[in-house]
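Each chain, letter by letter, is given below.
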Amino acid sequence: MEIWQCVEGCGACCHLDPSDRPDLGDYLTSEELTHYLSLVGEGGWCINFDHATRKCKIYQQRPRFCRVIPETFEQMFGVERDEFNDFAIKCCQQQITGVYGKNSPEMEHFNQQVGTVENLEFRI
Ligand code: SF4
Ligand code: SF4
């Protein structure tokens, strides 16, 4: 079984373009949605994303909706804890596909580190 982990050198989920995430209002509070939209910068990337390192500049203080942990996914998406792993992997694959492409080096790196889960039916 593949175990989810965030891999170095990715950052795909820091591409926040709201047009790619039409369901934001379904899982964010109104305050969070306002916060989310305030973070969207040039090209749809989060203003806190360091493009050189592909890391979050406020990692310890990042918002709840950036935290890929079982508690957050249960609250936001209703994902049971025993489903978290597969759901998180699919979310990453979906996001990496959208940002870098299905055959990108980033996807290859993610799949090498984490493994693959078929059927990309989820979206964050
Ligand atoms: S898409 Fe997944 S692997 Fe990439 S930065 Fe986000 S959590 Fe990490
Ligand atoms: S706050 Fe940090 S983790 Fe959240 S989207 Fe921005 S750069 Fe990424």
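Residues numbered from 1 in each chain as written. Chains lettered and ligands numbered in written order. Predicted model: local features only at pLDDT ≥ 70, side-chain atom pairs only at ≥ 80, totals over all residues.

**Description of the site of ligand 2**
Point 1. Surrounding ligand 2, one finds Cys14, Leu16, Leu39, Cys46, Asn48, Phe49, Cys56, Ile58, Arg62 and Cys66.
Point 2. Residues of the shell around ligand 2, tallied by class, amount to eight nonpolar, one polar and one charged. (Near = placed C-beta within 6 Å. Nonpolar A, V, L, I, M, F, W, Y, C, P; charged D, E, K, R; others polar.)

**A short note on the packing of helix H4 (residues 81-99) against helix H5 (residues 105-114)**
Point 1. Their axes nearest at 9 Å, the elements H4 and H5 cross at an angle of 165°. Accordingly, the angle class assigned to the pair H4 and H5 is roughly antiparallel. Crossing of H4 against H5: the hand is left-handed. In this structure, H4 contributes Ile89, Cys92, Gln93, Ile96 and Thr97 to the contact, and H5 contributes Glu106, Met107, Phe110 and Val114. (Axes fitted to C-alpha atoms, helices over the stretch in contact; angles between N-to-C directions. Helix = DSSP H or I, 4+ residues; strand = E, 2+ residues; numbered from the N terminus. Parallel < 35°, antiparallel > 145°, perpendicular 65-115°, else oblique. Left-handed = near helix turned anticlockwise from the far one by under 90°. Contact = placed C-beta atoms within 7 Å.)

**Topic: the site of ligand 1**
Point 1. The full set of residues close to ligand 1 is Cys6, Val7, Cys10, Gly11, Ala12, Cys13, Val68, Cys92, Gln95, Ile96 and Phe110.
Point 2. Broken down by element, the residue count for the shell around ligand 1 peaks at three residues, all from H4.
Point 3. The class makeup of the residues in the shell around ligand 1 is nine nonpolar, two polar and no charged.

**Let's talk about the packing of helix H3 (residues 70-77) against H4**
How two helices pack is summed up by the angle between their axes together with the distance between the axes.
Point 1. The contact between H3 and H4 brings their axes to 10 Å, and the two run at 90°. Judged by the angle between their axes, H3 and H4 are roughly perpendicular. Judged by residue contacts, Pro70, Phe73 and Glu74 of H3 engage Arg81, Phe84, Phe87 and Ala88 from H4.
Point 2. Along the lines of polarity and charge, the residues of the contact of H3 with H4 split into five nonpolar, no polar and two charged.

**What about unusual backbone geometry?**
Trans peptide bonds make up the majority, and among non-glycine residues the majority have a negative phi.
Point 1. Even without being glycine, Arg54 reaches a positive phi, approximately 55°.
Point 2. Inspection of the secondary structure assignment puts Arg54 in the loop between strand S1 (49-50) and strand S2 (55-56).

**Structural notes on the environment of Glu106**
Point 1. Positionally, Glu106 belongs in helix H5.
Point 2. The class of Glu106 is buried, set by 20 C-beta atoms lying within 10 Å.
Point 3. With 86 residues separating them along the chain, Glu106 and Asp20 place their C-alpha atoms 19 Å apart.
Point 4. Discounting chain neighbours no more than four positions away, the residues touching Glu106 are Cys10, Ala12, Ile96 and Tyr100. (Buried ≥ 20, exposed ≤ 12 C-beta atoms within 10 Å, placed from the backbone.)

**Re the environment of Val7**
Point 1. Examined against the element boundaries, Val7 turns out to sit in the segment before helix H1 (24-27).
Point 2. A count of 17 C-beta atoms within 10 Å places Val7 in the partly exposed class.
Point 3. The residues contacting Val7, other than those within four sequence positions of it, are His109, Phe110, Gln113 and Val114.

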